[in-house]
Amino acid sequence: MVARGKTGKAREELVFLPLGGTGEIGMNAYLYGFGPARDRRWLMVDLGVKFGSEREPGVDVILPDMAFMEAERHALEGLVLTHAHEDHLGAVAYLWERLGMPVYATRFTAALLMNKLEEAGLEEEVPLHIVEPGDRFALGPFDIELVRVNHSIPEPNALAIRTDAGTVVHSGDWKIDDAPVLGERIDEARLREIGAEGCLALVCDSTNAMREGHSPTEEEVAASLTSIIARAKARVAVTTFASHVGRLETVARAAHEAGRQVVVAGRAMNTVIEAARHSGYLRDVPDFQPADAFGYLPPEKVVCLCTGSQGEPRAAMARIADDSHPSIALEAGDLVIFSSKTIPGNEKAVIEIENKLAARGVEIVTSDDALVHVTGHPRRDELRQLYDWLRPGMLIPMHGEMRHMMEHAKFAREQGIAATQVVTNGEVLRLAPGAPEIVDEAPSGRLFVDGRLIVSEHAAAIRDRRKLSFVGMVAVSVIVDGRGDLVGEPQIAMEGVPAEDENATPMADIVLDVVEEVMEGLPRARRRDRDLLAETLRRAVRRAMALHWGKKPLCRVMIHQQ
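Residues numbered from 1 in each chain as written. Predicted model: local features only at pLDDT ≥ 70, side-chain atom pairs only at ≥ 80, totals over all residues. Heavy atoms only, no water.

**Focus on the sheet that holds strand E6 (residues 61-64)**
Here is step 1: Strand order in the open sheet made by the four strands is E5-E6-E25-E26, with antiparallel pairing throughout. Both outer strands of the open sheet, strand E5 (50-51) and strand E26 (453-456), are each paired with one neighbouring strand and no more.
Here is step 2: Two elements, E6 and strand E25 (residues 446-450), share four bridges in a ladder whose sense is antiparallel. Counterpart to Leu-63 in the pairing with E25 is Leu-447. (Pairing = 2+ DSSP bridges. Helix = DSSP H or I, 4+ residues; strand = E, 2+ residues; numbered from the N terminus.)

In structure tokens, the structure reads:
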């Protein structure tokens, strides 16, 4: 039923609908809707990815399911990107053809997005509009203003989204850095002005809501890295997030002060450097050298900037640790600095790389050992400051796992923000009129990039692949004649299954015996039913595997009739 006002006209509502990014870190995709329930116009903020893990074997990239927005694409005014991190823009090239909306981004963000659009063959298709920090523009009923914040990438922005129902500030990823290496400090004055105008709601980053204090500045990290590199006796390698242009500049300046040249290893880092220079950054630092320069520079004259701080198996640092990089090798006495934070889920991969390096006598420095990295997200003192500037009527946590968002809501209430609401992907939260309330639910979920295909998270192939990684597979091929009798010997193929049981009996013989027993014991009429015969054999083989191995593999039975 559509809510109506006193005049009988359908009531205009302002709603918030996350399709990714709540209850998780990554895959950010947020919708704001304005208008009557049956005739809303929509604004999308960010469209990002997550990366696959052991739970999704063979899947590199995970996307938010846009089924709801595909059905409403006629009402989608546009997509505004807050910044250029993969978890905020990485899904655009995969999903744009399903949505067809104009995209708005700052110069650096647009440069990185264009690289992805070119790879997808969409560079001439997507209407990409360049906006500047501080710009204000209208998309349908939404009046949008970009407000400068600080983060670990150039040109991060919060969005002030004005509607007839009130103003929402969408924080994006942010922190307060009083001494940033790139760009200016967060625009405190403008945020205070927006607060004075009236801020209906703050939809806010929750990543560090459980951490007390104020995050250190990039200037402090720069001083620490400069000192560490100056003291190094041999080769130095620094691995960090490829998109952290400020950190790349810090390493370049530290290397220059130490009389060293910077070699860059990793496609993603070279792409970011090119986009940064195109956008006006990194122009006052010494030239970077290609990876093959590493081999002829003296050990005390080189710093290598590497991709792979998260243990990515194909990135430069993993290949260096495996001693398989074509241009770069490290040895005892060299130094590797992990100038990054390990994202939850990547710990095993990072530790494996560190152990391989340590086994060769390479010295390792991480953020546990020295100030070589700072977060790009706000701790509690910074959250408190933003609340004070904006004085929001309500607080909606986003960008965090459930424990982060719940703690953020609790903290906001402790700071005097009475109205808080934790919302998860797919829930439609009414922001106005009235108190925040979940009023509807939209389809949500995940899509997997599986090779060249985009498939549902519920796809049987992904489910089977996950099971295969635990229990393997047995395939049985049987030929029967018109009477239902065996013709020749059944063919058995096994993958991921032990060769023998505990009594040294070959597993293939066990399966063969089971097939022959079923064929002998099953009435001829039932053997002529191909589907029935295949299912009976499948069940019998799985039971035998459970008895002799203790696991039930996937089992496929193919019946061929002669």
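**What to know about the nonpolar core**
Here is step 1: With 75 residues, the main nonpolar core has Leu-47, Phe-108 and Ile-337 as its most contacted residues.
Here is step 2: Membership of the second largest hydrophobic core comes to 27 residues, among which are Tyr-104, Leu-139, Val-203 and Leu-429. (Core = buried A, V, L, I, M, F, W, Y, C linked by side-chain atoms within 4.5 Å. Buried < 20%, exposed > 50% of the residue type's maximum accessible area, 1.4 Å probe, protein only.)

**Overview of the packing of helix H5 (residues 188-197) against helix H11 (residues 380-390)**
Here is step 1: Orientation of H5 relative to H11, taken along the N-to-C sense of each, is 50 degrees, at an axis distance of 6 Å. The angle between H5 and H11 places the two elements in the oblique class. Touching Glu-188, Leu-191, Arg-192, Ile-194 and Gly-195 of H5 are Leu-386, Asp-388, Trp-389 and Leu-390, all from H11.
Here is step 2: Of the residues belonging to the contact of H5 with H11, the class tally is five nonpolar, one polar and three charged. (Axes fitted to C-alpha atoms, helices over the stretch in contact; angles between N-to-C directions. Parallel < 35°, antiparallel > 145°, perpendicular 65-115°, else oblique. Contact = heavy atoms within 4.5 Å. Nonpolar A, V, L, I, M, F, W, Y, C, P; charged D, E, K, R; others polar.)

**A word on the packing of H11 against helix H12 (residues 402-414)**
Here is step 1: Running from N to C, H11 and H12 point in directions that differ by 55 degrees, and their axes come no closer than 11 Å. In terms of their interaxial angle, H11 and H12 are classed as oblique. Crossing geometry of H11 relative to H12 is assigned as right-handed. Residues Arg-380, Leu-383, Arg-384 and Tyr-387 of H11 pack against Glu-407, His-408, Phe-411, Ala-412 and Glu-414 of H12. (Left-handed = near helix turned anticlockwise from the far one by under 90°.)

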